[in-house]
Amino acid sequence: MGATVIKAAQAVGIEEKPEQKKPVLPGEVEKSIALGRSALIRNQKKAAINLARISKDSDRVRNHIVDEGGLGPLIQMTHSKSLEVQTCAVKTLAELAKTSNNRQKMLENGAILPLLEGLKHKSYEVRGVLQHNLAITCSP
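Residues numbered from 1 in each chain as written. Predicted model: local features only at pLDDT ≥ 70, side-chain atom pairs only at ≥ 80, totals over all residues. Heavy atoms only, no water.

1. Some words on the environment of asparagine 101
Here asparagine 101 lies in helix 7 (residues 100-108). With relative accessibility at 47%, the residue asparagine 101 sits in the partly exposed group. (Helix = DSSP H or I, 4+ residues; strand = E, 2+ residues; numbered from the N terminus. Buried < 20%, exposed > 50% of the residue type's maximum accessible area, 1.4 Å probe, protein only.)

Below is the structure:
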């Protein structure tokens, strides 16, 4: 009976469905970074959402995003007119900071300042995500 209640709650939208992990396709990182360089908000939105999703995959993918030049577009997206683009960009930067190899590169490329600015962002979601991710990143 418990499974039936959960399925009913999910159908109504009361309970969130578990996130299904999609594989990272070849060329997906490069395509998303290229979209992120666009001046069009709809392209930035696609890029930000996709980079946020794939940055959760593994350390290898997080390193690949940074090595392919993803920091520049992500830093630019933190200043976007779209709150959703800003939120996804900050989430992605926080995910990238989980990898020790990326932290030095982020410091050198100026990606730390947007993370710190995000801690006083007007959106509670941005602040909450950063506090959670930075606490994990900074813990020994």
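Past the structure itself, the notes keep going.
2. Re the nonpolar core
Membership of the largest hydrophobic core comes to 26 residues, with the highest contact counts inside it found for Leu93, Leu96 and Met106. Secondary-structure elements contributing two or more residues to this core are helix 2 (28-36), helix 3 (41-54), helix 4 (59-67), helix 5 (71-77), helix 6 (83-96) and helix 9 (124-138). The element that contributes the greatest number of residues to this core is helix 6, accounting for seven residues. What leucine 96 contacts, discounting residues up to four positions off in sequence, is Ser55, Arg62, Ile65, Val66, Leu71, Leu74, Asn102 and Met106. (Core = buried A, V, L, I, M, F, W, Y, C linked by side-chain atoms within 4.5 Å. Contact = heavy atoms within 4.5 Å.)

3. Quick look at the layout of surface pockets
By volume, the largest pocket amounts to about 230 Å³. Residue lining of the largest pocket: 11 residues in total, with Ile49, Ala52, Lys56, Cys88 and Lys91 positioned closest to the centre. At the level of elements, helix 3 and helix 6 are the ones that each hand at least two residues to the lining of the largest pocket. Counted by class, the lining of the largest pocket contains four nonpolar, one polar and six charged residues. (1 Å grid on protein atoms, 1.4 Å probe; cavity = no way out; pocket = protein on both sides within 12 Å on 5 of 7 lines; lining within 4 Å. Points joined across faces, edges and corners; volume = space filled by probe spheres on them. Nonpolar A, V, L, I, M, F, W, Y, C, P; charged D, E, K, R; others polar.)

4. Things to note about the packing of helix 4 against helix 7
Two elements in contact, helix 4 and helix 7, have axes separated by 9 Å at closest approach and are oriented at 20°. Put simply, helix 4 runs roughly parallel to helix 7. The handedness of the crossing between helix 4 and helix 7 comes out as left-handed. Of helix 7, the residues touching helix 4 (which contributes Arg62, Asn63, Val66 and Asp67) are Asn101, Asn102 and Lys105. (Axes fitted to C-alpha atoms, helices over the stretch in contact; angles between N-to-C directions. Parallel < 35°, antiparallel > 145°, perpendicular 65-115°, else oblique. Left-handed = near helix turned anticlockwise from the far one by under 90°.)

5. Some thoughts on the packing of helix 2 against helix 4
One way to put it is that helix 2 packs onto helix 4 with a least axis distance of 10 Å and a crossing angle of 45°. When the axes of helix 2 and helix 4 are compared, the pair comes out oblique. As helix 2 runs across helix 4, the sense of the crossing is right-handed. Contacts between helix 2 and helix 4 pair Val29, Glu30 and Ile33 from the former with Val61, His64 and Ile65 from the latter.

6. Some remarks on the pattern of salt bridges
Inspection of every chain in the model, using the stated rule, returns six salt bridges. Its salt-bridge partner being glutamate 28, residue arginine 53 comes within 2.3 Å of it at the nearest N-O pair. Here glutamate 28 lies in helix 2 and arginine 53 lies in helix 3, a separation of 25 residues in the sequence. Judged by its relative accessible area of 13%, glutamate 28 falls in the buried class. Across the pair lysine 98 and glutamate 95 runs a salt bridge, and its minimum N-O distance is 3.1 Å. The class of lysine 98 is partly exposed, set by a relative accessible area of 29%. Three or more residues are tied together by salt bridges with common partners; here these are Asp59, Arg62, Glu95 and Lys98. (Salt bridge = Lys/Arg side-chain N within 4 Å of Asp/Glu carboxyl O.)

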